Amino acid sequence: MKPPLLDLFADAQPQQAPRNEQIGEQSWVLRGFALPWLDRLLPALNTVLAAAPFRQMVTPGGFTMSVALSSCGTLGWTTDRSGYRYSGNDPQTGQPWPAMPEVFVQLAQAAAREAGFAEFVPDSCLINRYVPGAKMSLHQDKNETSYAAPIVSVSLGLPAMFLFGGFERSDKTQKVPLLHGDIVVWGGVDRLRYHGVLPIKDGHHPRLGEQRINFTFRTAG
Ligand code: SIN
Ligand code: FE2
């Protein structure tokens, strides 16, 4: 039998290596997952930032964070000398945080579903801006009312080295390089793992310039 002249379905075959990398029992890196969403994501981000601009916050210990923050959704994560907490209002404007754009919610839910968390309803999106040299020390996300929902963390712009640790600060960490468009999801038994970001290296990203932007979606309330 002669082979067909044209294999109409050649392009539809799964040719690529798996794009989902498992980094914990219920933790995944979804490579490039946000890329098809960018044209909708970036204008929505600009709208949020016009109402709630990036600002550097102070930790309870009195240190100014190197990462600048904003938030959208019904709750925004904040820090000042009196502690870490979620607040319905932006402390800078006294106004409610901007609503979470529909495209943010859809992306967060699609990524959570891909990682095995079907019913994710984020009410908070922390927006972190890293310039070269900015970093995030190892910490647990534990200001949320419940730990039932996963964390969905979207990376845009300059690359980062993400540290994914255990349940004690001193536990060994995995080094996970994160590129523009990658999403990390962790939840369930991994929900309280320590994590952080090494200082961002100098560089220029064609779409975002000299910065890394991270969205961290959570169910906080
Ligand atoms: C965070 O833990 O809030 C940020 C993580 C990241 O920037 O990748
Ligand atoms: Fe975190």
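Rules behind the numbers
Residues numbered from 1 in each chain as written. Chains lettered and ligands numbered in written order. Predicted model: local features only at pLDDT ≥ 70, side-chain atom pairs only at ≥ 80, totals over all residues. Near = placed C-beta within 6 Å. Helix = DSSP H or I, 4+ residues; strand = E, 2+ residues; numbered from the N terminus. Nonpolar A, V, L, I, M, F, W, Y, C, P; charged D, E, K, R; others polar. UniProt positions renumbered as here; feature names shortened; annotations may be inferred. Buried ≥ 20, exposed ≤ 12 C-beta atoms within 10 Å, placed from the backbone. Contact = placed C-beta atoms within 7 Å. pLDDT = per-residue confidence, 0-100. Pairing = 2+ DSSP bridges. Axes fitted to C-alpha atoms, helices over the stretch in contact; angles between N-to-C directions. Core = buried A, V, L, I, M, F, W, Y, C linked by C-beta atoms within 7 Å. Expected span 1.5 Å × (residues − 1).

### Topic: the site of ligand 1
Here is step 1: Close contacts around ligand 1 come from L126, N128, M136, S153, S155, F162, H195, V197, N214 and T216, and that covers them all.
Here is step 2: Residue assignment for the shell around ligand 1 shows that the elements contributing at least two residues are strand 7 (124-130), strand 9 (151-157), strand 13 (195-197) and strand 14 (212-218).
Here is step 3: The residue inventory of the shell around ligand 1, partitioned by class, reads 4 nonpolar, 6 polar and no charged.

### What to know about the UniProt feature "binding site: Fe cation" (unreviewed entry) in the protein
Here is step 1: In the UniProt entry, the feature "binding site: Fe cation" (unreviewed entry) is given for H139, D141 and H195. Maximum C-alpha separation among the annotated residues is 8.6 Å over a sequence range of 57 residues, consistent with a single clustered spot.
Here is step 2: One can find H139 in strand 8 (residues 136-139).
Here is step 3: Classification of H139 as exposed rests on a count of 12 C-beta atoms within 10 Å.
Here is step 4: Beyond its immediate sequence surroundings of up to four residues, H139 is in contact with Y194 and G196.
Here is step 5: With respect to the helices and strands, H195 occurs in strand 13.
Here is step 6: The buried category is assigned to H195, around which 24 C-beta atoms lie within 10 Å.

### A closer look at the environment of Y84
Here is step 1: Inspection of the secondary structure assignment puts Y84 in strand 6 (residues 83-87).
Here is step 2: Judged by the 14 C-beta atoms lying within 10 Å of it, Y84 falls in the partly exposed class.
Here is step 3: Spatially, the C-alpha atoms of Y84 and V184 are 23 Å apart, while their sequence positions differ by 100 residues.
Here is step 4: Ignoring any residue separated from it by four or fewer positions in sequence, one finds Y84 in contact with P60, T79 and N143.

### A word on the confidence of the model for the protein
Low-confidence regions, as indicated by low pLDDT, have predicted coordinates that should not be scrutinised in detail.
Here is step 1: Summary statistics for the protein give a mean pLDDT of 93 and a share of 92% for residues scoring 70 or more.
Here is step 2: Note that residues 10-16 has pLDDT below 50 and, in this model, 0 contacts with residues that lie over four places away or in other chains.

### Considering the sheet that holds strand 10 (residues 160-164)
Here is step 1: Pairing is antiparallel across the open sheet formed by 4 strands, whose spatial order is 8-13-10-11. Two strands in the sheet have a free side with no partner beyond their single neighbour: strand 8 and strand 11 (174-178). Ignoring strand direction, the axes of neighbouring strands in this sheet form an average angle of 20°.
Here is step 2: Here strand 10 pairs with strand 11 via 5 bridges, running antiparallel. The partner of A160 across the bridge, within strand 11, is L178.

### Describing the nonpolar core
Grouped burial of nonpolar side chains is what soluble globular proteins tend to show.
Here is step 1: Ranked by size, the top nonpolar core spans 49 residues in total, and within it A111, V152 and V185 carry the most contacts.
Here is step 2: No other element matches the 5 residues that helix 2 (residues 102-114) contributes to this core.
Here is step 3: If we ignore the near neighbours within four places in the chain, the residues touching V185 are S27, W28, L30, A111, A112, A115, F117, P150 and V152.

### Things to note about helix 2
Two residues of an α-helix separated by three or four positions point the same way, owing to the 3.6 residues in each turn.
Here is step 1: The end-to-end C-alpha distance of helix 2, which contains 13 residues, comes to 18 Å, matching closely the 18 Å that a straight helix rising 1.5 Å per residue would cover.
Here is step 2: Looking at the buried positions of helix 2, the neighbouring elements they touch are strand 2 (27-30), helix 1 (38-51), strand 7, strand 9, strand 12 (183-186) and strand 14.
Here is step 3: Phi turns positive, to about 100°, at G116, one or two residues after helix 2.

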